[in-house]
Structures are given as structure tokens and as C-alpha cells.
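Structure at a glance
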Amino acid sequence: MKNSGAKAKTIKNGLPFIGLISVIVILEIASGGQLLPSRNISTLVNEVFVLMIGASAMVFLMAQGNLDLSMMANLAVSCVLAVKAAQVNPLLAIPVGIGVGTGIGAVNGVINAKCKIDSFITTIGMSFVLTGLVTILLDNQGSIAGPMEMLSWNSTELRIGVLACVAAVGYI
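About the thresholds
Residues numbered from 1 in each chain as written. Predicted model: local features only at pLDDT ≥ 70, side-chain atom pairs only at ≥ 80, totals over all residues. Heavy atoms only, no water. Helix = DSSP H or I, 4+ residues; strand = E, 2+ residues; numbered from the N terminus. Rg over C-alpha atoms; globule rule 2.2 N^0.38 Å. Buried < 20%, exposed > 50% of the residue type's maximum accessible area, 1.4 Å probe, protein only. Contact = heavy atoms within 4.5 Å. Lys, Arg positive; Asp, Glu negative; His and termini not counted. Charge placed at Lys NZ, Arg CZ, Asp CG, Glu CD. Core = buried A, V, L, I, M, F, W, Y, C linked by side-chain atoms within 4.5 Å. Axes fitted to C-alpha atoms, helices over the stretch in contact; angles between N-to-C directions. Parallel < 35°, antiparallel > 145°, perpendicular 65-115°, else oblique. Left-handed = near helix turned anticlockwise from the far one by under 90°. Expected span 1.5 Å × (residues − 1). Arc of directions from axis to C-beta. Patch = residues over 30% accessible without salt bridge, like charges linked within 9 Å, V, L, I, M, F, W, Y side chains within 5 Å. Areas by Shrake-Rupley, 256 points an atom, 1.4 Å probe, with all protein chains shown as cover. Salt bridge = Lys/Arg side-chain N within 4 Å of Asp/Glu carboxyl O. 1 Å grid on protein atoms, 1.4 Å probe; cavity = no way out; pocket = protein on both sides within 12 Å on 5 of 7 lines; lining within 4 Å. Points joined across faces, edges and corners; volume = space filled by probe spheres on them. Nonpolar A, V, L, I, M, F, W, Y, C, P; charged D, E, K, R; others polar.

As for the overall build of the protein chain
Of the regular secondary structure elements, the protein chain holds six helices and zero strands. Reading the protein chain from its N terminus to its C terminus gives the helix and strand order α-α-α-α-α-α. Taken against the 2.2 N^0.38 rule, which gives 16 Å for 172 residues, the C-alpha radius of gyration of the protein chain at 20 Å runs more than 25% over that of a compact globule. Along the longest, intermediate and shortest principal axes, the C-alpha atoms of the protein chain span 60 × 45 × 25 Å. Looking at the protein chain as a whole, 19% of its 172 residues are labelled buried. Once local pairs closer than 6 in sequence are excluded, the contacts in the protein chain between residues at least 24 apart make up 67%. Computed over 9 positive and 7 negative side-chain charges, the inter-centroid distance for the protein chain is 19 Å.

This is the structure:
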């Protein structure tokens, strides 16, 4: 009896993946084999890269009953500071970006948990603060250029690897 319950749970957990694979197979057949060429996969990965990472974070937060309206402003501050760090040394971009984003998220969490301020209010306020900070950091220029040698990091293989890691961690 116990074994059949484990099998049912395994099947239930696998149904979303089976559904996704089924949709991909149906669309591949319907498109006459035009869905999965390497050019399409590369374009798809490039388009969904940032969105999938952000969506994974939002699913994590919403599963806990919270909401983060400052996520895009957090991303903007993290990216600006990562590019500024990369101008010193390109290898600093990743730890600075992750560290700044994590730090801002931790501040949101502390304000929410310790000060008992609802996450909606906390994160919308943080969004306004971070948007102002981005404006100051960019000196009203609108964008900032990173080092040219970082363009070699912009590969589909690296993005697929990062997305796989994010999906694996998110699934756990």
C-alpha cells in the first residue's frame, strides 16, 4: 500500500514535465520540424534568460506568501553596480551583482520579518528608493557600457547552463 502511494506521488510530480514534453513534440510535428533548430533554441534561450531567473525568484517568494515589487529595481541596481565593478575587473561583475541583489533582498526580508511591515509596502517603497538610486548611479545617462571582453561571456551554452542550474535549484 505504501509503495503505491509513492508511485502516485512520483507520477503526480512528473506530470508537468510530461505535459511540457508533449506540447513540444506536438508543436515540433505541427511545424514540420521547424521548432527545434539550433537557431530557434538559441533565440528562445536569449529571450527568456532574465525572465526565467526572475520568475523562479517570484515563484519562490509567492510560495511563501510574499510578493516582491522591487525585483526589477533591484535588478537595475545590481546590474549597474556589476558593470561599474567590471570596469575595474570583469571578474568582479558576477560576485558584485549577486552580492548587491542578495543584500537588497535581505534588507527587504528583514524589514518585512522584523519590523512586521507587509511585503507589498516594503517592496514598493524599496522599488522607489532603488529607482532613484539607479538614476543617481547612471547620472541621468540611461545606460552604462561594460568592458568589451565580457561579450565572450554572452554564449547560449553558458545561458543554458545557468538556466538549468536555476531550474534545478528552483525545483528542489
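That covers the picture; the talk isn't over yet.
Digging into unusual backbone geometry
Positive phi values are uncommon outside glycine, yet K116 reaches one of about 60°. Structurally, K116 is set in the loop between α4 (93-114) and α5 (119-138).

Structural notes on the nonpolar core
Within soluble globular proteins, side chains that are nonpolar generally end up buried alongside one another. Residues A73, V77, V80, I104, M126, L130, V134 and L138 constitute the largest nonpolar core, which totals eight residues. For this core, the secondary structure elements donating two or more residues are α3 (71-88) and α5. Top contributing element to this core by residue count: α5, with four residues. Once you skip the residues sitting within four places of it in the chain, A73 turns out to touch S127, L130, T131 and V134.

Focus on the packing of α3 against α5
Helix-helix packing is characterised by the crossing angle of the two axes and by the distance between the axes. Between α3 and α5, the shortest axis-to-axis distance is 8 Å and the interhelical angle comes to 30°. The orientation of α3 relative to α5 falls into the category roughly parallel. The handedness of the crossing between α3 and α5 is left-handed. Mapping the contact onto sequence places A73, N74, A76, V77, V80, L81 and K84 in α3 and S127, L130, T131, L133, V134, L137 and L138 in α5.

Notes on helix α6 (residues 156-171)
With 16 residues, α6 should reach 22 Å at 1.5 Å per residue; the first-to-last C-alpha distance of 22 Å fits that figure. All of the buried residues in α6 are T156, R159 and L163. Down the axis, α6 shows its buried residues gathered within 60° of arc, on one side only. Exposed residues on α6 whose side chains face more than 90 degrees from its buried face are E157, C165 and V169.

Re a nonpolar patch on the surface
Residues L20, V23, I24, L27, L35, L36, I41 and I160 make up a contiguous nonpolar surface patch of roughly 610 Å² in combined accessible area. The greatest single-element share of the nonpolar patch, amounting to four residues, is contributed by helix α1 (residues 2-30). Tracing the backbone through its elements, the reader meets I24 in helix α1. Take I24: its relative accessible area is 33%, and that puts it in the partly exposed class.

Structural notes on the layout of surface pockets
Empty space among the atoms becomes apparent when a probe as large as a water molecule is rolled across them. Estimated volume of the second largest pocket: approximately 200 Å³. Around the second largest pocket sit I41, L44, V45, V48, M52, I160, L163, A164 and A167, which together line it. Ranked by residue count, the leading element in the lining of the second largest pocket is helix α2 (residues 38-63), at five residues. Per-class residue counts for the lining of the second largest pocket are nine nonpolar, no polar and no charged.

The analysis is restricted to geometry; functional conclusions fall outside its scope.
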